[in-house]
Amino acid sequence: MQELKPIKEGKVREIYDNGDSLIMVATDRISCFDVILNNIVDKKGTVLTQMSKFWFEMTEDILPNHMISVDVNDMPEFFRQEKFDGNSMMCKKLEMLPVECIVRGYITGSGWASYKENGTVCGIKLPEGLKESDKLPEPIYTPSTKAEIGDHDENISFEQSVEYLEKRFPGKGLEYATKLRDYTIALYKKCAEYALTKGIIIADTKFEFGLDENGNIVIGDEMLTPDSSRFWPAEGYEPGHGQPSFDKQFARDWLKANKHDWTLPQEIVDKTIAKYLQGYELLTGKPLC
């Protein structure tokens with residue numbers, strides 16, 4: 001069996017070249033505040049891959065995605081090992097667009113901090129009198145740059161995203177920026193409405209898009225996972241304070257509250273994966289195999 005090496009490693013994912021496709025492996029690493037922690041969270045990579053698969057299939061009516069298969073039997077022999085089963089996705093090759101597409105349906109996190117300071121989120125003026133965790137009148141689109149590992153993403157306005165894309169794709173900046181915004185809002189609305197029927201509030205999330213071989217915009221990377229989103233239980237939802245969550249906010253909160261060396265106690269690791277699994281089972285209606 002030929003040993004393969006990833007061509008790119010992100011904070012959580014490893015990407016392998018497979019000729020006319022890529023194989024994206026979601027590892028059990030966990031990152032918070034753009035830092036890879038020293039812990040391994042068992043089954044986390046499988047949750048990310050299988051949840052992305054679930055959402056990709058649900059949203060094919062809005063736009064195509066990059067997924068080809070999550071069955072390792074469709075992949076080279078190297079991936080037919082237990083460590084790759086369930087957490088690997090064979091994908092179309094895309095030219096990724098250099099903007100992270102963030103959508104916020106509720107006011108929380110850095111958005112809440114900004115709103116308290118000046119009544120805006122990423123430069124967007126919001127109604128007066130909002131409380132922490134309030135649902136916004138309409139979801140807002142707040143794009144950002146894509147940072148390298150160790151750096152931080154930078155929030156940009158829609159107008160800046162046009163300029164940013166225009167530099168990379170002359171003559172296409174406005175077209176691409178508009179499509180990214182509209183796709184982001186449409187995807188969020190459909191999925192947030194579905195999630196609410198399963199007892200989960202999707203407070204915010206981020207998407208990444210790329211161009212396929214025909215120049216069409218396609219959604220890539222991951223989709224609506226606990227790593228890229230804030231999931232809250234609908235039961236007990238009450239604006240005016242922070243909410244419990246089904247995502248890594250649990251780990252972020254511990255790191256903020258404790259002196260640390262980017263290492264979580266095992267108890268926090270166990271509770272974090274329990275949150276991921278609970279969210280997956282509520283959304284999909286089935287346990288993770």
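You'll find the structure just up there.
Residues numbered from 1 in each chain as written. Predicted model: local features only at pLDDT ≥ 70, side-chain atom pairs only at ≥ 80, totals over all residues. Heavy atoms only, no water.

(A) Geometry of the overall build of the protein chain. From N to C terminus, the protein chain includes 6 helices and 15 strands. In terms of overall dimensions, the protein chain is globule-like: its C-alpha atoms have a radius of gyration of 19 Å, near the 19 Å expected for 289 residues. Taking the principal axes of its C-alpha atoms as reference, the protein chain extends roughly 60 × 50 × 40 Å. Counting all 289 residues of the protein chain, 50% fall into the buried class. Separation between the mean location of the 35 positive side-chain charges and that of the 48 negative ones in the protein chain comes to 2 Å. (Helix = DSSP H or I, 4+ residues; strand = E, 2+ residues; numbered from the N terminus. Rg over C-alpha atoms; globule rule 2.2 N^0.38 Å. Buried < 20%, exposed > 50% of the residue type's maximum accessible area, 1.4 Å probe, protein only. Lys, Arg positive; Asp, Glu negative; His and termini not counted. Charge placed at Lys NZ, Arg CZ, Asp CG, Glu CD.)

(B) Spatial organisation of the sheet that holds strand 1 (residues 8-9). Pairing is antiparallel across the open sheet formed by 5 strands, whose spatial order is 1-2-3-7-6. Because the sheet does not close on itself, it has two edges, and the strands there are strand 1 and strand 6 (67-69). As paired strands, strand 6 and strand 7 (residues 88-92) are joined by 2 bridges and run antiparallel to one another. Opposite Met67, over in strand 7, you have Cys91 as the bridge partner. Its contacts with the sheet place helix 1 (residues 44-58) against strand 2 (13-18), strand 3 (21-26), strand 6 and strand 7, and it is angled at close to 45 degrees to strand 7. (Pairing = 2+ DSSP bridges. Contact = heavy atoms within 4.5 Å. Axes fitted to C-alpha atoms, helices over the stretch in contact; angles between N-to-C directions.)

(C) Just the nonpolar core, in detail. Judged by nonpolar contacts, the single largest core of 64 residues is most densely connected at Trp55, Leu97, Leu180, Ile202, Phe207, Phe209 and Met223. The leading source of residues in this core is helix 4 (residues 173-197), at 9 residues. Not counting residues up to four positions away in its chain, the partners in contact with Trp55 are Cys191, Tyr194, Ile202, Met223, Leu224 and Leu283. Judged by nonpolar contacts, the second largest core, of 9 residues, contains Ile23, Val25, Val72 and Phe78. (Core = buried A, V, L, I, M, F, W, Y, C linked by side-chain atoms within 4.5 Å.)

(D) Looking closely at the pairing of strand 5 (residues 35-40). Two strands pair when backbone bridges link them, and strand 4 (residues 29-32) and strand 5 are joined in this way by 3 bridges, in the antiparallel orientation. By the bridge assignment for strand 5, Arg29 is matched with Ile40. Hairpin remark: strand 4 followed by strand 5, antiparallel, with 2 residues in the connecting loop; positive phi at Phe33, about 55 degrees.

(E) Quick peek at the state of the cysteines. Under the counting rule described, the total for this entry stands at 0 disulfides. The thiol of Cys101 is not disulfide-bonded; the next cysteine sulfur, from Cys122, is found 13 Å away. Residue Cys101 is classed as buried on the basis of its relative accessible area of 0%. Classification of Cys122 as partly exposed rests on a relative accessible area of 24%. (Disulfide = S-S within 2.5 Å.)

(F) Layout of the packing of helix 3 (residues 158-168) against helix 4. Two numbers describe how helix 3 lies on helix 4: the axes approach to 8 Å, and their chain directions differ by 130 degrees. Taken as axis vectors, helix 3 and helix 4 run oblique relative to one another. Two packed elements cross with a definite hand, and for helix 3 against helix 4 that hand is right-handed. Residues Phe158, Ser161, Val162, Leu165 and Glu166 of helix 3 lie in contact with helix 4, whose contacting residues are Gly173, Leu174, Tyr176, Ala177, Thr178, Leu180 and Arg181. Taken together, the residues that form the contact of helix 3 with helix 4 break down as 7 nonpolar, 3 polar and 2 charged. (Parallel < 35°, antiparallel > 145°, perpendicular 65-115°, else oblique. Left-handed = near helix turned anticlockwise from the far one by under 90°. Nonpolar A, V, L, I, M, F, W, Y, C, P; charged D, E, K, R; others polar.)

(G) Broad picture of helix 3. Within helix 3, burial applies to Phe158, Ser161, Val162 and Leu165. For helix 3, the angular spread of the buried residues around the axis is 105 degrees, confining them to a single face. Opposite the buried face of helix 3, by more than 90 degrees, sit the exposed residues Glu159, Glu163 and Lys167. As for helix 3, its buried residues are in contact with strand 12 (135-141) and helix 4. (Arc of directions from axis to C-beta.)

(H) The packing of helix 1 against helix 6 (residues 266-284), seen in detail. With their axes 10 Å apart at the nearest point, helix 1 and helix 6 run at an angle of 20 degrees to one another. Taken together, the axes of helix 1 and helix 6 lie roughly parallel to each other. The way helix 1 lies across helix 6 gives a crossing that is left-handed. Seen from helix 1, the contacting residues are Lys44, Val47, Leu48, Gln50, Met51, Phe54 and Trp55; seen from helix 6, they are Ile273, Tyr276, Leu277, Gly279, Tyr280, Leu283 and Thr284. Among the residues forming the contact of helix 1 with helix 6, the class breakdown is 10 nonpolar, 3 polar and 1 charged.

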